[in-house]
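Read off the chains here:
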Amino acid sequence: MPRAIIFTLLILSLMALLPPVIAANARSKPDPNRPLNLIQDMDLQAKFKAQSENDLFADKRSQRPQIVGTVAQGENYLDTHFNDGVVDGQWATSTPAQLPMDMKLLLRGQERFNIYCTPCHGWSGGGDGTINQRALELVANAEGPVNGTVWVAAKSVHDATVTIQPIGQLFNTVTNGVRNMAGYSSQIPIADRWAIVSYLKALQRSQNASIADVPTDKRGGL
Ligand code: HEC
């Protein structure tokens, strides 16, 4: 074979390597321009990215809020005891039938209370959580409102206005919030909210107990 042809073939095969090298080089570097997508995957579909605008709606939010009254599949919305803490239009005085008050429920409630409520209300519910301590420190050293607001301390759950509340009302407080306290319906599932308020009742009892509440054979250990 003439040398010229061998050289031409060699150069052509070397040049064939250029496109993949250029492509690899381009792909390895960030580029402010829109990428050239040979494979039309989901990068290129028509969609709204998180937090982007949508002119179709008056408030321009592409992420639509949940429609009021939305009920999750499998949730029995007629069960007002379980969902709202209400029985016959009154605050429920017991846990719903599907969550009998037992040690398992209380221990779950203790664990969830310690996670969600202690930062403000404190371990024993007295209202002396770490956030409260920090806020009081800030307020004590400030001339006026801190970050544009004043501090409302978490209420003691042993306050007489709280201890008289039926468990259903406590459940409602955790679900929807009360005055300056936000609701926890989006963070804590319904069953766990019941566990928490059951534990809250036990906590209240614990702070108002007398020696007569302790079984006789256990009194020596106190
Ligand atoms: C971010 C702080 C914060 C957290 C966390 C918090 N609370 Fe509160 N809570 C408050 C404040 C503040 C108040 C008093 C609100 C007011 O009086 O305006 C309050 C009030 C209450 C009350 C009294 C309601 C009444 O009728 O007066 C109960 C009961 C209660 N919280 C239970 C809970 C439970 C249970 C949790 C955990 C699921 C929880 N809180 C988590 C801040 C908090």
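Above this text sits the structure in question.
Reading the values: rules and limits
Residues numbered from 1 in each chain as written. Predicted model: local features only at pLDDT ≥ 70, side-chain atom pairs only at ≥ 80, totals over all residues. Heavy atoms only, no water. Helix = DSSP H or I, 4+ residues; strand = E, 2+ residues; numbered from the N terminus. Rg over C-alpha atoms; globule rule 2.2 N^0.38 Å. Contact = heavy atoms within 4.5 Å. Areas by Shrake-Rupley, 256 points an atom, 1.4 Å probe, with all protein chains shown as cover. Lys, Arg positive; Asp, Glu negative; His and termini not counted. Charge placed at Lys NZ, Arg CZ, Asp CG, Glu CD. Near = heavy atom within 4 Å. Polar contact = N/O pair within 3.5 Å; in protein donor to acceptor, adjacent residues only side chain to side chain. 1 Å grid on protein atoms, 1.4 Å probe; cavity = no way out; pocket = protein on both sides within 12 Å on 5 of 7 lines; lining within 4 Å. Sits in = over half its atoms within 2 Å of the grid points. Donors = N, O, S within 2.8 Å, 3.2 Å for Na, K, Ca; no water. Buried < 20%, exposed > 50% of the residue type's maximum accessible area, 1.4 Å probe, protein only. Axes fitted to C-alpha atoms, helices over the stretch in contact; angles between N-to-C directions. Parallel < 35°, antiparallel > 145°, perpendicular 65-115°, else oblique. Left-handed = near helix turned anticlockwise from the far one by under 90°. Nonpolar A, V, L, I, M, F, W, Y, C, P; charged D, E, K, R; others polar.

> Describe the overall build of the chain, naming the residues involved and giving the relevant values.
Summing up its helical and strand segments, the chain has nine helices and four strands in all. Counting from the amino terminus, helix and strand elements in the chain follow one another as α-α-α-β-β-α-α-α-α-α-β-β-α. Compactness check: the chain gives a C-alpha radius of gyration of 31 Å against a globular reference of 17 Å for 222 residues, more than 25% above the reference. Pairs at least 24 residues apart make up 50% of the contacts formed inside the chain by residues separated by at least 6 positions. On the chain, roughly 16,700 Å² of surface is accessible, and the fraction owed to carbon and sulfur atoms is 59%. Where the 20 positive side-chain charges of the chain centre and where its 19 negative ones centre are 7 Å apart.

> Summarise the site of the ligand; cite the residues concerned and give the values.
Around the ligand sit 20 residues in total, of which Cys 117, Cys 120, His 121, Gln 165 and Met 181 are the nearest. Separating a nitrogen atom of the ligand from a side-chain N or O atom of His 121 is a distance of 2.7 Å. Here an oxygen atom of the ligand sits 2.8 Å away from a polar atom, N or O, in the side chain of Gln 165. Applying the majority rule of atoms within 2 Å of the grid points places the ligand in the largest pocket. Counting only elements with at least two residues in the shell around the ligand, the list comes to helix H5 (118–121) and helix H8 (167–176).

> Hey, could you go over the coordination of the iron atom of the ligand for me, with residue numbers and the actual values?
Distances from the iron atom of the ligand to its protein donors, namely His 121 (NE2) and Met 181 (SD), fall within the range 2.0 to 2.1 Å. Using a relative accessible area of 15% as the deciding quantity, one classes His 121 as buried.

> For unusual backbone geometry, give the residues involved together with the corresponding values.
A positive phi angle, near 70°, is found at Gln 51, a position not held by glycine. For Gln 51, the position within the fold is in the loop between helix H2 (18–27) and helix H3 (80–84). Located in the positive-phi region is Lys 60, a residue other than glycine, with phi close to 60°. Classification of Lys 60 as partly exposed rests on a relative accessible area of 38%.

> Please give an account of the packing of H8 against helix H9 (residues 190–207) that cites residues and values.
Viewed as axis vectors pointing N to C, H8 and H9 meet at an angle of 125°, and their least axial separation amounts to 9 Å. Judged by the inter-axis angle, H8 sits oblique to H9. Between H8 and H9 lies a crossing whose hand is right-handed. When H8 is examined against H9, the residues Ile 167, Gly 168, Leu 170, Phe 171, Val 174 and Thr 175 are found in contact with a partner set consisting of Ile 190, Arg 193, Trp 194, Val 197, Ser 198, Leu 200 and Lys 201. Here the residues of the contact of H8 with H9 sort into eight nonpolar, three polar and two charged.

Scope: geometric values only; no functional claims are made or implied.
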